[in-house]
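# Structure assessment
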Amino acid sequence: MTDTRPLAGKVALVAGATRGGGRGIAVELGAAGATVYVTGRSGVGGRSDLNRPETIEQTAEQVTAAGGLGIPARTDHSRPDEVEALVDRIAAEQDGRLDILVNSVWGGDPLTDWEHPLWEQDLETGLRLLRQAVETHVITSRFALPLMVARKSGLVVEVTDGNTARYRGTFFYDLAKSAVIRLAVAQAAELKPHGVAAVAITPGFLRSEALLEHFGVTEANWRDGAAQDPNFAHSETPAYLGRAVAALAADPRIMTKTGRALATWGLYQEYGFTDADGTQPDFAAHWARNLQEEYGPLGDPL
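One structure accompanies this document, and this report is about it. (Residues numbered from 1 in each chain as written. Predicted model: local features only at pLDDT ≥ 70, side-chain atom pairs only at ≥ 80, totals over all residues. Heavy atoms only, no water.)

## Observations concerning the side chain of T136
- Examined against the element boundaries, T136 turns out to sit in helix α4 (residues 123-151).
- For T136, a relative accessible area of 2% translates into the label buried.
- Within the structure, T136 has its side chain in polar contact with the backbone oxygen of Q132 (distance 2.6 Å). (Helix = DSSP H or I, 4+ residues; strand = E, 2+ residues; numbered from the N terminus. Buried < 20%, exposed > 50% of the residue type's maximum accessible area, 1.4 Å probe, protein only. Polar contact = N/O pair within 3.5 Å; in protein donor to acceptor, adjacent residues only side chain to side chain.)

## What to know about the nonpolar core
- Within the largest apolar cluster, 35 residues are counted, with the highest numbers of intra-cluster contacts made by L29, V36, V102 and I201.
- Sorting elements by how many residues they give to this core places helix α7 (residues 238-250) first, with 7 residues.
- If near-sequence neighbours (up to four positions away) are discounted, L29 is found in contact with L7, A12, V14, A34, V36, I100, V102, V245, A246 and A249.
- With 22 residues, the next largest nonpolar core counts L13, F143, L191 and A198 among its residues. (Core = buried A, V, L, I, M, F, W, Y, C linked by side-chain atoms within 4.5 Å. Contact = heavy atoms within 4.5 Å.)

## Structural notes on the pairing of strand β3 (residues 69-74)
- Pairing of strand β2 (residues 35-40) with β3 involves 6 bridges; the strand directions are parallel. From the neighbouring strand, G40 faces β3, where its bridge partner is R74.
- Traced from β2 through helix α2 (residues 56-66) to β3, the parallel crossover comes out right-handed. (Pairing = 2+ DSSP bridges. Right-handed = clockwise from strand over helix to strand, strands pointing away.)

## Thoughts on the pairing of strand β6 (residues 196-202)
- Counting buried positions over the 7 residues of β6 gives 7, a clear majority of the element.
- When strand β5 (residues 154-159) meets β6, the two strands line up parallel, connected through 6 bridges. Looking across to β6, one finds that V157 is bridged to V199.
- Regarding topology, helix α5 (residues 171-191) serves as the crossover connection from β5 to the parallel β6, and that connection is right-handed.

## Some points on the sheet that holds strand β4 (residues 100-103)
- Across the sheet, 7 strands lie side by side as β3-β2-β1-β4-β5-β6-β7; this open sheet has parallel pairing. Where the open sheet ends on each side, the last strands, each with one partner, are β3 and β7 (261-263). Here the average twist between neighbouring strands, direction ignored, is 20°.
- Sheet analysis places strand β1 (residues 11-15) next to β2, joined by 5 bridges and oriented parallel. Following the sheet pairing, V14 is matched in β2 by V38.
- Its contacts with the sheet put α2 on β2 and β3, and the angle it makes with β3 is roughly 165°.
- The sheet contacts of α5 involve β5, β6 and β7, and relative to β6 the element is tilted by about 165°. (Axes fitted to C-alpha atoms, helices over the stretch in contact; angles between N-to-C directions.)

## Re a nonpolar patch on the surface
- Residues L118, W119, Y167, F171 and L175 make up a contiguous nonpolar surface patch of roughly 560 Å² in combined accessible area.
- Within the fold, F171 resides in helix α5.
- Classification of F171 as partly exposed rests on a relative accessible area of 33%. (Patch = residues over 30% accessible without salt bridge, like charges linked within 9 Å, V, L, I, M, F, W, Y side chains within 5 Å. Areas by Shrake-Rupley, 256 points an atom, 1.4 Å probe, with all protein chains shown as cover. Salt bridge = Lys/Arg side-chain N within 4 Å of Asp/Glu carboxyl O.)

## Quick notes on the pattern of salt bridges
- Under the definition given, this model contains 14 salt bridges.
- With a shortest N-O distance of 3.3 Å, R243 and E28 are connected by a salt bridge. With R243 in helix α7 and E28 in helix α1 (residues 20-31), this pair connects stretches of sequence that are 215 residues apart.
- The class of E28 is buried, set by a relative accessible area of 13%.
- Put simply, E124 and R131 hold a salt bridge, and the shortest N to O gap is 2.3 Å.
- Shared partners join several salt bridges into a network, and the residues in it are R19, R52, E54 and E213.

## Examining the packing of α1 against α2
- The contact between α1 and α2 brings their axes to 7 Å, and the two run at 25°. By the angle between their directions, the pair α1 and α2 is classed as roughly parallel. The crossing of α1 and α2 is right-handed. Together, R23, A26, V27, G30 and A31 of α1 and Q58, T59, Q62, V63 and A66 of α2 make up the contact between the two elements. (Parallel < 35°, antiparallel > 145°, perpendicular 65-115°, else oblique. Left-handed = near helix turned anticlockwise from the far one by under 90°.)

## Some remarks on the packing of α1 against α7
- The contact between α1 and α7 brings their axes to 7 Å, and the two run at 50°. As the angle between them shows, α1 and α7 are arranged oblique. Of the two elements, α1 crosses α7, and the hand of that crossing is right-handed. Along its contact with α1, which presents G20, G21, G24, I25, E28 and L29, the element α7 presents P238, A239, L241, G242, R243, V245, A246 and A249.

And the structure:
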């Protein structure tokens, strides 16, 4: 009989869980039974500079509705003092326990310049993107990892875009997403003697709230967006990414994967999870069939 709550009793911190992939991960960890601290800058007290309507409280409610316990904690992960206070709170409330750390802070979409090469981009904007998308992960791990090391168990998940060395189309975006993979590799090397695993993971074409808005559709009629971009027909929901992370967190042999860059399109084949609609999107297979001739191979996993 399949255990429907393999993460019951586990404690997770999902940094950057207000929306998108972070929200999907938080909710699916909750569905697997975990207590999930949901963090981000947008809450009932105000929005982040992205000025989007989603809040950490909404995510926490979804975590609880899915079967876990969602705990919202408004945190700016670029501020070490706020992150340290967050980790101190988790340690106090959970008797020093933290089993899963997900670094999913991003917020770099409005900072990404897809039109110009490095020498024509605004330098401060690019450096701000790196601070937002990379430094936040470093700060969060710096304070959270001691809880895992002390217990000699745990999993760190770095959320990225792509699991290969393929160039991602613009300088600062590529640097940020590649750096996040190296964060997983570096943490894995330092954590391995302590029994803690670290991996990077990428979704395929992620059907986030912002992307649905971009195509002028909702989750109910999302397939209509394929009229604008046929690749959108092969997109996946944040739940698919969340189920991949939940499967990793429940895997007793997770240390065999430490240091690797993984993807939803490979993990569904191993763990058998499906997307919210019961399908199993495989963006790498779609790429090989339809995009490789024009854009070249997607690349081998790092």
